[in-house]
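The primary structure of each chain is shown beneath.
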Amino acid sequence: MITSRRAFLRFGAGAAATTASWPLKAVAAPPRFEPARGRDSDGLIFLYSNENAYGPSPKVADTLRATVESANRYPRLHYQDLIEQISGAHQVAPERVLLGCGSTEILRMAAFAFAAHGKQLIYALPTFEAIEHYSRPVDAKITGVTLTSGFAHDLDAMLARASEGGGLVYICNPNNPTASLTPRSDLENFIAQLPTSAIVLIDEAYHHYARTSGMYASFLDRPIDDEKVIVARTFSKVYGLAGMRLGYAIASPKLLRQMSSFSNQDNINAMVTQAAAVALNDSDSTRNFIQRNANDRQEFFNQAMARALKPIDSHTNFVMMNTFHPAEEVIQHFRKNNIMIGRRFPPMDTYIRVSLGRPEEMLAFWRVWDLLPFSKNIMHH
Ligand SMILES: Cc1ncc(COP(=O)(O)O)c(C=O)c1O
């Protein structure tokens, strides 16, 4: 049933996509990793998509307002400037930058280019589902590898699978939904042993929130000399631009050429081409967002500890925790109380994922948590 105008519009867009003449089998359903909200957002608290609850920064918002006037023009003349801004920020040649309509488009391009027609996609269970979602309809051989007990990627098992048949290996670090890290040194060993028939895509969507420790280093800040590696980043998280849809990949020109043949034409909207450059240079705001997130995360853990809960250590702007009860029941409890928390992430069927919101939103979260019938004795159920 179509419950609102917005849901109707989403539905319409999905239907249109199926009639496009892709060289590959079209994706039939709207992506299920971002469920439709189903009704107007008024009164609902959104702790479910790992957005920046504070962004965008005032400077970025001003730039967005200023770009409205040029909405009648196609934006493609701005793409090269944006590519140069990004390549400058990471000190790589512009040929090593590919833009995407969100990093979701980057993931789709990689799936189509490197996993289609019986090639292998190796990914973690659970992880961010987009790459699996886009690999399935193009007949990839899908191989899910359960995370380790410490919620890192099981690189030994992933290597064993890649050694059998190459393909595309997706590493989300920090990982969504678990907020956990896979150690840098393990990743380096893993990549060094991968066969040349394999490509590894490292998704650094939550890079800015990763706690600084020897455990983590970005493959852009500290690159390795290996042409198998693609790194994906997004403007949807710390830069607070999820609604504007911009992501990018940094990789060898050869891999990017293969991916870009699957990109939409004019895939980057006119407003974000200029706002993104401002966001990249607005380092005071970025630092501020990171600090606020660190405070909100600390407060979440304080509240959790006061209730004898033990969330998984978080290196992101969201937290995952075991409720020892069916996650769906907990999700519905929050939904009835006007709070949307993260979706289910099989096989972690008793865990919930909570995006960090503003302090007043998190107070509401804990008020509703305390209404759960089992909130007082969660471990002894
Ligand atoms: C790990 C990861 N990668 C990519 C994305 C997609 O982000 P976007 O398409 O908004 O850049 C998300 C969104 O939540 C994510 O969690």
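Please read all numbers here as calculations on a predicted model, not as lab measurements. (Residues numbered from 1 in each chain as written. Predicted model: local features only at pLDDT ≥ 70, side-chain atom pairs only at ≥ 80, totals over all residues. Heavy atoms only, no water.)

(A) Structural view of the packing of helix α2 (residues 58-67) against helix α9 (residues 270-281). Put simply, α2 and α9 touch, their axes get as near as 9 Å, and they point 155 degrees apart. By the angle class used here, α2 and α9 are roughly antiparallel. In this structure, α2 crosses over α9, and the sense of that crossing is right-handed. Facing Lys59, Val60, Thr63, Leu64 and Thr67 of α2, the residues of α9 in contact are Met271, Gln274, Ala275, Val278 and Ala279. Of the residues assigned to the contact of α2 with α9, the class counts are six nonpolar, three polar and one charged. (Axes fitted to C-alpha atoms, helices over the stretch in contact; angles between N-to-C directions. Helix = DSSP H or I, 4+ residues; strand = E, 2+ residues; numbered from the N terminus. Parallel < 35°, antiparallel > 145°, perpendicular 65-115°, else oblique. Left-handed = near helix turned anticlockwise from the far one by under 90°. Contact = heavy atoms within 4.5 Å. Nonpolar A, V, L, I, M, F, W, Y, C, P; charged D, E, K, R; others polar.)

(B) The confidence of the model for the chain, seen in detail. For the chain, the average pLDDT comes to 90, and 88% of its residues sit at 70 or higher. Of the regions scoring below 50 in pLDDT, residues 1-40 engages in 55 contacts with residues more than four places distant in sequence or in other chains. (pLDDT = per-residue confidence, 0-100.)

(C) Representation of the pairing of strand β5 (residues 167-172) in the model. Judged by how many residues are buried, β5 sits mostly within the fold: six of six residues are covered. Pairing between β5 and strand β6 (residues 198-203): six bridges, direction parallel. Residue pairing across strands places Leu168 opposite Ile199, the latter belonging to β6. Chirality of the crossover, the property in question, places the unit of β5, helix α7 (residues 184-193) and β6 among those that are right-handed. (Buried < 20%, exposed > 50% of the residue type's maximum accessible area, 1.4 Å probe, protein only. Pairing = 2+ DSSP bridges. Right-handed = clockwise from strand over helix to strand, strands pointing away.)

(D) Main features of helix α10 (residues 283-306). The end-to-end C-alpha distance of α10 is 35 Å, a good match for the 34 Å that 24 residues give at a rise of 1.5 Å each. Within α10, burial applies to Ser285, Thr286, Phe289, Asn293, Asp296, Arg297, Phe300, Phe301 and Ala304. Immediately beyond the C-terminal end of α10, within one or two residues, lies Ala308, with a positive phi of roughly 60 degrees. (Expected span 1.5 Å × (residues − 1).)

(E) Quick look at the packing of aromatic side chains. The tally for this structure, following the rule as stated, stands at 13 aromatic pairs. Judged by centre distance (5.9 Å) and plane angle (50 degrees), the rings of Phe235 and Tyr248 are tilted. Of this pair, Phe235 sits in the loop between β7 (229-234) and β8 (247-250) while Tyr248 sits in strand β8, and the two are 13 residues apart along the sequence. Judged by its relative accessible area of 0%, Phe235 falls in the buried class. Classification of Tyr248 as buried rests on a relative accessible area of 2%. (Phe/Tyr/Trp six-rings, centres within 6.5 Å; stacked < 30°, edge-to-face > 60°.)

(F) Seen up close, the pairing of strand β3 (residues 120-125). Of all six residues in β3, five are buried; the element is thus mostly enclosed. Here six bridges tie β3 to strand β4 (residues 141-146), and the two strands are oriented parallel to one another. Bridging from a neighbouring strand, Leu121 pairs with Ile142 of β4. A crossover links β3 with its parallel partner β4, the connecting element being helix α5 (residues 130-135), and its sense is right-handed. Across two bridges, the pairing between β3 and β5 is parallel. Paired with Ile122 across the two strands is Val169, which belongs to β5.

(G) Broad picture of α7. Looking at α7, one finds that the buried residues are Arg184, Leu187, Phe190 and Ile191. Down the axis of α7, the buried set is contained in an arc of 120 degrees. They therefore lie on one face. Turned more than 90 degrees from where α7 packs its buried face, Ala192 and Gln193 sit exposed. (Arc of directions from axis to C-beta.)

(H) Structural detail: unusual backbone geometry. Geometrically, the link from Asn176 to Pro177 is a cis peptide bond, its omega value of 20 degrees lying close to zero. With an omega of 5 degrees, the peptide bond running from Pro346 to Pro347 counts as cis. Looking at the secondary structure, you find Pro347 in the loop between β10 (339-341) and β11 (351-355). Unlike most non-glycine residues, Phe324 shows phi in positive territory, near 60 degrees. Relative to the elements of secondary structure, Phe324 occurs in the loop between β9 (318-322) and α11 (327-336). The class of Phe324 is partly exposed, set by a relative accessible area of 36%. Positioned with a positive phi, Asn338 is a non-glycine residue whose angle comes to about 65 degrees. By the secondary structure assignment, Asn338 is in the loop between α11 and β10. On the basis of relative accessibility, which here comes to 29%, the residue Asn338 falls in the partly exposed class.

(I) Seen up close, the site of the ligand. Around the ligand lies a shell of 14 residues, among which Ser103, Thr104, Asp203, Thr234 and Ser236 are the nearest. Between the ligand and Tyr206 there is a distance of 2.7 Å, counted from an oxygen atom to a side-chain nitrogen or oxygen. One of the side-chain N or O atoms of Arg245 is found 2.7 Å from an oxygen atom in the ligand. Isolated, the ligand exposes 390 Å² of accessible area, and the fraction of that covered by the protein chains is 95%. Every element with two or more residues in the shell around the ligand is listed here: α4 (102-114) and β5. A total of three residues in the shell around the ligand trace back to one element, the largest contributor, which is α4. (Near = heavy atom within 4 Å. Polar contact = N/O pair within 3.5 Å; in protein donor to acceptor, adjacent residues only side chain to side chain. Areas by Shrake-Rupley, 256 points an atom, 1.4 Å probe, with all protein chains shown as cover.)

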